[in-house]
Amino acid sequence: MLKAMQTSHFAPRHFLPETIDLTDTAQLAPVFDQLSAKLDAVQSSADVEAWLRDHSEVSAALGESSSVAYIAMTCQTDDEAKEKAYMHIVEVVDPWLKPRQFALMQKLASSPFFAQLPPLYDVFRRSVETQVKLYREENVARETAVAKLTQQYQKISGAMTVQFDGQEQTLPRISRVQEEPDRARREAAWKLVAERRRQDADKLEELYGQLLVLRNEIAHAAGFADFRAYTFASYERFDYTPEDCLRFHDAVEHHIVPLARELQEERRKKLGLDRLRPWDLAVDPDQNPPLHPFKESPELLAKCHEIFATLDPRLGEYYHVLRSQELVDLDNRKGKAPGGYQSTLPESRVPFIFMNAVGAHRDVEVMLHEAGHAFHALASREQPLHAYRSAPIEFCEVASMGMELLAAPHLGAFYDENEAKRAQRDHLEGIIKFFPWMATVDAFQHWIYTHPTHTREERTAFWLSLMDRFGGTEDWSGFASARANLWHRQLHIFEIPFYYVEYGIAQLGALQLWQASRRDLPATLDHYLKGLSLGGSRPLPELFEASGLKFDFTDKTIAPLMRNVKDALLELAC
Ligand SMILES: [Zn+2]
């Protein structure tokens, strides 16, 4: 942690003074004035390139200043000074920066030399042009209103608690009961949660209705027919269309839903039940106790290092960078923020991994996943443009989910043979279960935003039709309203509309990597690292192609992948 904060710049600064305080807007003002004046003075595309290097240096330094403050705060939430420092960036620096950054992008886009930049800048250019094209002054107030409503969603959801085991419990906490073997306890806990959610159902429906009005207005103001078209543009989804997503849903329905239902049937038999109920879906069907892969986090680090070094010496080297520079904070302790993330220090060009490890299998999964993101950051650190040192999420998650799958055959570092098989099986089953839910959440929103005048009843009816189309075989009788309101718990639907299919697209890439690795591991890792090294400098299909993967989410790719997953599950059956 300490060392991480002292990492040196990957490349020396040429434009920004070494001593500048990047959290002081009075010191930042002359930097932005200078950037603006330099941009006014460009006489050629070479001048624009030089300007982009300066701009990139500034944005990387600002990014690092913000990352460092965020990391410091999350590692020690009970330190008020750290929280204050981070909040100063969020509340003072960022709002000051945003309009200035945007003004620079506007000026850049209008420069006649911008269009003459060499092809290397194509991806960057289309991104800048899109940002400028979508911007509407009148939408700023609407965006603020949307942000306030989504905060409202967090507040309502976060405040939900139930009384269980004689104490008040949050919903994430009580959800753990669903993994317990005692069926009566699972049922009781599940019913409490369903009832608690029902109490706020009207509130959430109303809130969602308000969000839809604002989002439709934003889309129209920006000149789009509907919010779906607007979002595809604003998320810079240049390489796939809404129709591609609809075809993806179809392919999930035909090739993955039947497999997910087969797995449910196996679960039903193993549990010895006539029918599965909603509280029978998370418990281990063999009633095994939870896995215990390690005791202390140094063991987690050492064993993961062993796995990566076995997979490929280059990965071993990257992991060594993380360990030797202490770019990790793994242990769960008092005063630390919950969860796990991977962050990048863009000026030092190194990653940082944050976790709350307690010795559970989930910790191994999180480490393998976040290490994939960290490898991405290290592999792409030579990219000169700051904007190119990160890739679109559809590919970032190939790096991380792919690493989870590539590392899976080496879980013997933590487990005996049967445990390792069980972990791999759970992993693959989890992937299969994810796709139908992803398709449900995505298809729902395609309908919502292309039927802007729908009523709440129509919305519910459509949701239920999707539950029939993609859902499992469990019996919901007696809980019709819980089934109808199931989407209320998916925060993306409220907070980050349409942002979910990315994980499906990435998981297909990750599965292709896994499939290729079963044929030729060294070649697969060459491809993997080649793709990662490109950062975000190429369009998505090219990033996939460089990694030896198809950017395709139709039957053609999905059907054979699912056959392989099914075979692998058979091999892993005990
Ligand atoms: Zn991730």
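For the structure itself, look to the data block above.
Below, the structure is looked at part by part. (Residues numbered from 1 in each chain as written. Predicted model: local features only at pLDDT ≥ 70, side-chain atom pairs only at ≥ 80, totals over all residues. Heavy atoms only, no water.)

### Focus on the overall build of the chain
For the chain, the helix and strand inventory stands at 24 helices and five strands. By the compact-globule yardstick of 25 Å for 574 residues, the chain fits well, its C-alpha radius of gyration being 25 Å. Counting all 574 residues of the chain, 53% fall into the buried class. Counted over contacts in the chain with a minimum sequence separation of 6, partners at least 24 positions apart contribute 75%. Just so you have it, the chain exposes about 26000 Å², and 52% of that area is on carbon and sulfur atoms. Seen as two clouds, the 65 positive and the 84 negative side-chain charges of the chain have centres 2 Å apart. (Helix = DSSP H or I, 4+ residues; strand = E, 2+ residues; numbered from the N terminus. Rg over C-alpha atoms; globule rule 2.2 N^0.38 Å. Buried < 20%, exposed > 50% of the residue type's maximum accessible area, 1.4 Å probe, protein only. Contact = heavy atoms within 4.5 Å. Areas by Shrake-Rupley, 256 points an atom, 1.4 Å probe, with all protein chains shown as cover. Lys, Arg positive; Asp, Glu negative; His and termini not counted. Charge placed at Lys NZ, Arg CZ, Asp CG, Glu CD.)

### Things to note about the pairing of strand E1 (residues 161-164)
The side chains of a regular strand alternate, first on one face of the sheet and then on the other. Going residue by residue along E1, you find Val162 and Phe164 tucked away on one face and Thr161 and Gln163 left uncovered on the opposite face. Of the pairings in the sheet, the one linking E1 to strand E2 (residues 167-170) comprises four bridges and is antiparallel in character. Its bridge partner lying in E2, phenylalanine 164 is registered against glutamine 167. The hairpin turn running from E1 into E2, its antiparallel successor, is two residues long, and aspartate 165 in that turn takes a positive phi close to 55°. (Pairing = 2+ DSSP bridges.)

### A look at the packing of aromatic side chains
All chains considered together, the criterion is met by 40 aromatic pairs. A centroid spacing of 6.2 Å and a plane angle of 75° characterise the contact between phenylalanine 232 and phenylalanine 498, whose relative ring orientation is edge-to-face. A residue pair is termed long-range when its members are at least 10 positions apart, and phenylalanine 232 in helix H10 (residues 227-234) and phenylalanine 498 in the loop between helix H20 (491-495) and helix H21 (501-519) qualify at 266 residues. For the pair formed by phenylalanine 232 and phenylalanine 498, the shared burial category is buried. Lying over the aromatic face of tryptophan 96, arginine 100 brings its terminal NZ or CZ to 3.9 Å of the ring centre. Sitting over the ring of phenylalanine 354, lysine 336 keeps its end group 4.8 Å from the ring centre. (Phe/Tyr/Trp six-rings, centres within 6.5 Å; stacked < 30°, edge-to-face > 60°. Lys NZ or Arg CZ within 6 Å of the ring centre and 35° of its normal.)

### Some thoughts on the coordination of the zinc ion
Binding of the zinc ion to the protein goes through His369 (NE2), His373 (NE2), Glu397 (OE) and Glu397 (OE), at separations of 2.1 to 2.6 Å. Each of the four donor atoms bound to the zinc ion contributes to angles spanning 53 to 138°, and the resulting shape is irregular. Coordination of the zinc ion draws on donor residues from a single chain, spaced H-x3-H-x23-E in sequence. You can see histidine 369 and its partner histidine 373 sitting in helix H15 (residues 361-379), four residues apart, about one turn around the helix. For the pair histidine 369 and histidine 373, a shared accessibility class is recorded, and that class is buried. (Donors = N, O, S within 2.8 Å, 3.2 Å for Na, K, Ca; no water. Tetrahedral: all angles 85-135°; square planar, octahedral: opposite > 155°, others 65-115°.)

### Observations concerning the nonpolar core
Taken as a class, soluble globular proteins show a tendency for nonpolar side chains to be buried jointly. Judged by nonpolar contacts, the single largest core of 145 residues is most densely connected at Phe248, Leu300, Phe308, Phe414, Phe435 and Tyr528. Here the element with the most residues in this core is helix H17 (residues 417-450); it accounts for 16 residues. When sequence neighbours within four positions are dropped, the list of residues in contact with phenylalanine 435 reads Phe248, Val252, Ile256, Gly504, Gln507, Leu508, Leu511 and Met562. Counting residues in hydrophobic clusters, the runner-up holds 35 residues, among them Val31, Val58, Trp96 and Phe113. (Core = buried A, V, L, I, M, F, W, Y, C linked by side-chain atoms within 4.5 Å.)

### Some words on the side chain of serine 65
Looking at the secondary structure, you find serine 65 in helix H3 (residues 45-75). The exposure class assigned to serine 65 is buried, which follows from its relative accessible area of 17%. If sequence neighbours within four positions are ignored, serine 65 has contacts with Leu22, Thr23 and Ile89.

### Section: the packing of helix H12 (residues 257-271) against H17
H17 packs onto H12 with a crossing angle of 125° between their chain directions and a minimal axis gap of 9 Å. Looking at the two axes, H12 sits oblique to H17. The element H12 and its partner H17 pack so that their crossing is left-handed. Along its contact with H12, which presents Val257, Leu259, Ala260, Leu263 and Arg267, the element H17 presents Glu429, Ile432, Lys433 and Pro436. Among the residues making up the contact of H12 with H17, the classes are represented as six nonpolar, no polar and three charged. (Axes fitted to C-alpha atoms, helices over the stretch in contact; angles between N-to-C directions. Parallel < 35°, antiparallel > 145°, perpendicular 65-115°, else oblique. Left-handed = near helix turned anticlockwise from the far one by under 90°. Nonpolar A, V, L, I, M, F, W, Y, C, P; charged D, E, K, R; others polar.)

### Here's the deal with unusual backbone geometry
With a phi angle near 60°, glutamine 287 is a residue other than glycine that sits in the positive phi range. Take glutamine 287: it is sitting in the loop between H12 and helix H13 (297-311).

### So, the state of the cysteines
According to the stated counting rule, one finds zero disulfides in the structure shown. Here cysteine 75 is not disulfide-linked; the sulfur of cysteine 304 is the nearest cysteine sulfur, at 18 Å. Free of any disulfide, cysteine 396 has its nearest cysteine sulfur in cysteine 245, 18 Å distant. (Disulfide = S-S within 2.5 Å.)

### Looking at empty space enclosed by the protein
For the coordinates displayed, the defined rule picks out two cavities of 30 Å³ or more. In this model, the largest cavity occupies a volume close to 80 Å³. Sorting the residues of the lining of the largest cavity by element identifies H15 and H17 as the ones contributing at least two each. Per-element tally for the lining of the largest cavity: the top contributor is H15, with four residues. In terms of residue class, the lining of the largest cavity is made up of five nonpolar, two polar and two charged. Looking at the second largest cavity, its volume works out to about 30 Å³. (1 Å grid on protein atoms, 1.4 Å probe; cavity = no way out; pocket = protein on both sides within 12 Å on 5 of 7 lines; lining within 4 Å. Points joined across faces, edges and corners; volume = space filled by probe spheres on them.)

### What to know about the sheet that holds strand E5 (residues 350-357)
The strand order across the open sheet formed by three strands is E3-E5-E4, and the pairing between neighbours is mixed. On the outer flanks of this sheet lie strand E3 (328-331) and strand E4 (341-345), each paired with one strand and no other. Each strand axis lies, on average, 15° off the axis of its neighbour in the sheet, ignoring direction. Where E3 and E5 come together, three bridges link them in parallel fashion. Of the residues in E5, the one forming a bridge with aspartate 329 is phenylalanine 354. Helix-sheet contacts for H15 involve E3, E4 and E5, and the interaxial angle to E5 is about 170°.

### Quick notes on the packing of helix H2 (residues 25-40) against helix H4 (residues 80-110)
Taken N-terminus to C-terminus, the directions of H2 and H4 make an angle of 5°; their axes are 10 Å apart at the nearest point. By the angle between their directions, the pair H2 and H4 is classed as roughly parallel. Between H2 and H4, the residues in contact are Thr25, Leu28, Ala29, Phe32, Leu35, Ser36, Leu39 and Asp40 and Val92, Val93, Trp96, Leu97, Arg100, Gln101, Leu104, Lys107 and Leu108, respectively.

### A few points about helix H24 (residues 555-572)
Spanning 18 residues, H24 covers 25 Å between terminal C-alpha atoms, matching the ideal 26 Å at 1.5 Å per step. For H24, every residue scored as buried is listed here: Thr557, Ile558, Ala559, Leu561, Met562, Val565, Ala568, Leu569 and Leu572. (Expected span 1.5 Å × (residues − 1).)

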